[in-house]
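Structural overview
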Amino acid sequence: MTTIESHKVATDSGVGVSAQRPDAIPKVTGEFVFSSDLSSQNMLWGRTLRSPHSSARIRNIDYSEALAISGVHAILTATDVPGKNLFGLDHPDQPVLADDIVRYAGEPIAIVAAEHPEIAAKAIGAINVDFEILTPLVDSEIAITAEPIHPEGNVIRHLEIDYGDPNASGEVIVEGTYEVGMQDQAFMGTESGMAVPSSDGSVDLFISTQWLHSDRNQIIEALDLPEDMVRLTLAGVGGAFGGREDVSMHVHLCMLALHTGRPVKMVYDRNESFLGHVHRHPAKIWYRHHANRDGRIVKVEGKIILDGGAYASTTSAVLANACCFSTGPYNVANAQIEGWGVRTNNPPCGAMRGFGNVQTCFAIEAQMDKVATALNVDPIELRLRNALKTGDKIITGQTITGAAPVKEVITSLAGHPMPEPAEDNLLARPGGTGRTSDQKHIKRGIGFAVSIKNLMFAEGFDDSSEALCRVNDGAVAIHTACVEVGQGFVTLVQQIAEEVLGISDIEIIPADTSIGSAGSTSASRQTWMSGGAVLKACEAVVKNLTEQIEREEGVKFQNIDGTLVSEDGATTIPIEEALRGRSLEEKVVHHHAPTFPLNEKGQGNAHVSFAFAAHRAVVDVDQELGLVRVIEIATSQDVGRILNPLQAVGQIEGGIAQGLGLAVLEELIMKDGVIQNANFTDYLLPTALDTPPIEIASLIEEPEPGAPFGAKGIGEPPTISSTPAIVAAIRDATGLDLRRVPVRPEDIALE
Amino acid sequence: MSDITEPHLMVNGTKFTIDDSWLGESLLYTLREQLGLYGSKNACEQGECGSCSIMFDEALVCSCLVLTGNAVGREIQTIESLAPDGSLSDIQQAFVDVGAIQCGFCTPGLLVTIKDFLESNAEPTDLEIREAISGNLCRCTGYGRIVEAVRVASKASEGTEETLNDND
Amino acid sequence: MEVLVASSTEEICELLTQDHRRQLLAGGTDFMVEVNYRHRSPSSVIAIDRVPELRNWRHDGDSVLIGSCVTYREIERGPLATLVPALAQAARTVGSPQIRNAGTIGGNIGTASPAGDMIPVLSALGATISLMSSEGKREVSLEDLIIGVKKTSLRESEFIESIRVPVLEGPQEFLKVGSRSAMVISVTSLAFITYPKTQSVGIGLGAVNPTPTRARRAEEFIHDYLDWDKMAVDPSVLVRFKELVSDASSPIDDHRSVASYRRHSVGVLAQRALTRVFSEGEFNV
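Residues numbered from 1 in each chain as written. Chains lettered and ligands numbered in written order. Predicted model: local features only at pLDDT ≥ 70, side-chain atom pairs only at ≥ 80, totals over all residues.

**Notes on the interface of chain A and chain B**
The cut-off we apply is this: Two residues form a contact once the distance between their C-beta atoms, set from the backbone, is within 7 Å. The helix count covers DSSP runs of H or I at least four residues long, the strand count covers runs of E at least two residues long, and both are numbered beginning at the N terminus. Throughout, the ten residues Ala, Val, Leu, Ile, Met, Phe, Trp, Tyr, Cys and Pro are labelled nonpolar, Asp, Glu, Lys and Arg are labelled charged, and all others, Gly among them, are labelled polar.
Between chain A and chain B, the contact holds 53 residues from the first and 46 residues from the second. Counting only elements with at least two residues in the side of chain A that touches chain B, the list comes to helix 1 (24-29), helix 15 (645-664) and strand 31 (694-700) of chain A. The dominant element in the side of chain A that touches chain B, judged by the number of residues it contributes, is helix 15 of chain A, at 9 residues. Considering only residue class, the side of chain A that touches chain B consists of 25 nonpolar, 21 polar and 7 charged.

**Digging into the domain arrangement of chain C**
Residues and elements named next belong to chain C. We apply this condition: For the purposes of this description, domain bounds are those given by an automatic or database domain assignment.
Looking at the assigned domains, one finds that chain C contains domain 1 (2-166) and domain 2 (172-280). Relative placement of domain 1 and domain 2: their C-alpha centres are 25 Å apart. On the side of domain 2, 25 residues touch domain 1, which itself brings 23 residues to the contact. Secondary structure elements with two or more residues in the side of domain 1 that touches domain 2: helix 6 (85-92), helix 9 (118-124), helix 10 (142-145) and strand 8 (146-148).

**Looking at the packing of helix 9 (residues 357-375) of chain A against helix 17 (residues 722-734) of chain A**
Residue and element names in this part refer to chain A. Formally: Each axis is a line fitted through C-alpha atoms, taken for helices only over the stretch in contact, and angles between the N-to-C directions span 0 to 180 degrees. Helix crossings fall into two classes, left-handed where the near helix is turned counterclockwise from the far one by less than a right angle and right-handed where it is turned clockwise.
Their axes nearest at 8 Å, the elements helix 9 and helix 17 cross at an angle of 35°. As helix 9 runs across helix 17, the sense of the crossing is right-handed. In contact with V358, C361, F362, E365, A366 and D369 of helix 9, helix 17 contributes T723, P724 and A728. Grouping the amino acids of the contact of helix 9 with helix 17 by side-chain chemistry returns 6 nonpolar, 1 polar and 2 charged.

**Some words on the domain arrangement of chain B**
By a widely used convention, the size of an interface equals the accessible area lost when the partners come together. On domain assignment, one finds that chain B holds domain 1 (8-81) and domain 2 (90-160). Looking at the side of domain 1 of chain B that touches domain 2 of chain B, the element that brings in the most residues is strand 4 (residues 53-56) of chain B, giving 3 residues.

**Things to note about the sheet that holds strand 4 (residues 72-76) of chain A**
Hydrogen bonds along the backbone pair up the strands of a sheet, which may run parallel or antiparallel. All names here are of chain A. Applied cut-off: Strand pairing is assigned whenever DSSP detects at least two bridges linking the two strands.
Reading across the sheet, the 7 strands line up as 4-6-2-13-10-11-12 and stay open at both edges, with mixed pairing between neighbours. Both edges of this open sheet fall to strand 4 and strand 12 (230-234), since each of them pairs with a single strand only. When strand polarity is set aside, the average angle formed by the axes of neighbouring strands in this sheet is 20°. Note: strand 11 (residues 203-207) against strand 12, 5 bridges, orientation parallel. Across the sheet, the residue bridging to I207 is L234, located in strand 12.

**A word on the sheet that holds strand 6 (residues 75-77) of chain B**
Residue and element names in this part refer to chain B. The 5 strands lie next to each other as 3-2-6-4-5, forming an open sheet whose pairing is mixed. Whereas interior strands pair on both sides, the edge strands pair on one side only; in this sheet they are strand 3 (14-17) and strand 5 (59-62). Neighbour-to-neighbour, the strand axes of the sheet open up by a mean angle of 35°, direction not taken into account. Sitting on the sheet, helix 3 (residues 107-120) touches strand 4 and strand 5, and the angle it makes with strand 4 is about 40°.

**Here's the deal with the interface of chain C and chain B**
Across the boundary between the two partners, chain C contributes 24 residues, which contact 26 residues of chain B. Contributing elements (two or more residues each) for the side of chain C that touches chain B: strand 1 (2-5), helix 2 (31-36), strand 3 (44-47) and helix 7 (97-102) of chain C. A class-by-class count of the residues in the side of chain C that touches chain B yields 15 nonpolar, 8 polar and 1 charged.

**Examining the environment of I642 of chain A**
Turning to its location among the elements, I642 of chain A is positioned in the loop between strand 28 (627-638) and helix 15. Those residues within four positions of I642 of chain A in sequence are excluded, and the remaining contacts are G16, A648, L699 and E701 of chain A.

**Brief notes about the packing of helix 12 (residues 489-501) of chain A against helix 13 (residues 526-553) of chain A**
Each pair of packed helices gets described by two things: the angle between the helix axes and the distance between those axes. All names here are of chain A. To be explicit about the condition: Between 65 and 115 degrees an angle is taken as roughly perpendicular, under 35 as roughly parallel, over 145 as roughly antiparallel, and anywhere else as oblique.
Contact pair helix 12 / helix 13: the axes reach a minimum separation of 10 Å and the direction vectors enclose 30°. One finds that helix 12 runs roughly parallel with respect to helix 13. Helix-helix and strand crossings are classified by hand; for helix 12 and helix 13 the assignment is right-handed. Packed against helix 12, whose contacting residues are F489, L492, V493, I496, A497, V500 and L501, the element helix 13 presents Q526, T527, S530, G531, V534, L535, C538, E539, V541 and V542 at the interface. Its residues assigned to classes, the contact of helix 12 with helix 13 comprises 12 nonpolar, 4 polar and 1 charged.

If you want it as structure tokens, here you go:
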């Protein structure tokens, strides 16, 4: 059986340098094992029957014909779920397998295990479900007061923020409504995994995910098994971006494996992947800004509706983010914000990189440009005048105590040189090889936007992380359950160990549930939380080591830059030398500072830390055809401290590409709740020709208090203000209002 | 007429006997699940992502769009052939050195594509590189480091130092 | 699945005569997508992409005869690109390098998608398609071959053998609108072919009608406003010209675009193609 192997790699760099990824070589040779590459003797293939209808009652399921197909070993439905037929990332509100009702197109109804994936597919096709088709609820505004489509009701969360003086007003008032379409994470490695049953009724699950322990906790409820009977090991992950935070095939695989007594592998194809995970919440946002002629924003009123789709997932937290940061990275004295996360028969929505901040940032930055116009103030100047700084409060009443170099982020970017004029090249024009546009058809525009993102989980959630540092006869191994999705955490582990222990030869034990939770790989939190846990575990080892040596030598020692120096200065031992021949082990749990829930006025110290970024987009637009080409995106970002420059650049460039996708390319098109473009032919991800060179104007390193190494999370800010910067640039080139993303050719050409 | 008797596939210079029942599979599936060559990836099975790219009779194609039965008698080169004796090719090394790998799922397809591209265009411009890899989707990197890796491998650039100096 | 690899056109005829339900596989870029997603499960397939006659093309007087299994890559580059530039321009916009290496002109025609990129060019070129079976060969126009959305008039046991198009006579243009810079299905496309010898133009429309369409009224209309000596066009008729092209389209709303945009953009493409070839102003009746 192909196993998940420990990575044992040499590195000679500590924190702050571009250390090489430990998994780089297997990834370039094709040997790296992704969850879809798993294989086992005696393995069966699983497949899922999904509802084609967005709202229907299930009258009957007849799988007798399917079960009779040679090579089919199991067909399971809701009645076969051993424990609770409910799961959910926030709380259990979603069936493992649909019972008597389906609430979204794509909802799982039955699962099959067969000898060959083609047989499994044939079996799925032979299952007869008798549906009573119902009229789907697909309008998020109507959903608020419509007949509930779920026992918990249609309002997943309603949130109000009442900050400052509700009667405050400004000399100038600017109103606008905005819309954000449904984006998809579209990670390259589709959902896949393998469950291996044991004869004692326990099961091992090898899976791509973002949070092993959250998955495990939901699986044991559904299987009615104790914790130690369900063991998860992380299999190679082909990207995540929020789309793997929820359970997808996990329970299904375990059920099939335990039922058949054989290992079961499942791989979603691309079409099924679109159906099989949550998406970014579409949003409808209304704002009314009040400003004075001195350029200060006096009050912001806002209403936000997020379409959460059929099941809750993380809608509650996404809404909180959208609302808490609905006024942007600006010091706003008064705010009245109301938000709803609603349930509809559209596909469920949940985490996607940016997590609520993306939607409101698009709208708020559009408003800021409008306010600037109304005040006859330069848009960048307006942002500078209102920029948050350390010591200011956000609209939840929380004071920013950490680094908040918003002004520096803005000015460093504003001062960055514009791109050099380039020679005309067909490949760089709107339309590209489609040869639609000549120079005379093209106008250039420039746009600017700024964003705020909270780091780590909020509202009182203690998303801690556990790490183990083990020294075995001088060889160092580090173990966390931190999921590596591509972001480079595995590199950081090496760098931290090198930094603290001076050892370049580290074994990274595969992430699994035999160690405590690392929390989710999301919310830009893993460097701070799991990096912090690893740091503490290594430091604990050094402390333990020091105490051992002190006992042996009979004299006190100090750790000076990785060398243990005796009080009398007579003895110096580099830590890596001191560890030779010794065996020690330290396990620590790292917590961030506590946070608190929001009260009924949306007030509370709900967040740990904040990160800021600004983006400047240069676009060429062929207005007559509505075609856009993004020429350059420049950025400045508040990073605390750069721990690995190349990996930081990778996160920034990758995040900006996703922001570009939302601005001009990506949308899941829905018709009565059914996705019309669940494939890569028509869900358009940016290609290398769509994504421009990224200019990093400045990475502001103002160390964040309380953050390990002073480093802030980097992953999400690039996806947030990149989108509104691009749309602002299109507005600049065309003079059009553009209230919706993604901007489509007809939005420009037919106005 | 040549019908298939004793079907076999020539993959990376090695002859693999295949079963009749595999003829109707996509070559991608056969390579992976039958021959255990998991390097080529399946991210769409529609020819829209390039993660399954292989060399097929010296032409770059998507293996998901090749019928195994029509691959008999053809020369197949997969990602596994890029570093046959363990030492990385220039482009593989460049990917490692310039941070062009994040999750790595798109990486094998890109490497096969780029190797083929550089053989016919040794000193490409950035736009030529981008057009050459426009059939390979990457969701993690935004392509910046990948284009840089091609530059480095083609030796047409001044190297990676320039990029890092631009930060701050 | 039975997979038979043909090595000559005679073989294909024979195999189809034996069983007309056998499906033909050339580049697989449409066929295999359907197989992979189980929309098509043929029991017997004839692979034809190794048949030399189908892989070749030749310059035959004032026309080019292109074997149905010539790939987009071969059309995009090399000598064919000089002989039929609009076809090469169109080929370059298809899919990706991987797709272009495998996909074929015959496949594009046989799939008969309204958005097929070869189709507006072949239409504007007045292409004739040679169909072959064990009964012999027959030539049909593209319009007579593609009769509906993804529907051809191919008879049982018949296959596309070759395509005949005129060699470049005067300037040619192909323009394609898509939402992405690469690897995109046509939202609208247009081919503009000039025939200086007859002082006429051919305008083929793509992705805006269920079947191959020429904007014939626009072609006739513009005839009176072109100065072939100066290669100029009367600018005062450009708006009318655009309208006539748009009127020749009957596009739909779908998940890729809306009818109103398609109507508008196909007219714009026509104007642009026209004014690339014929300069505005300097026009004397």
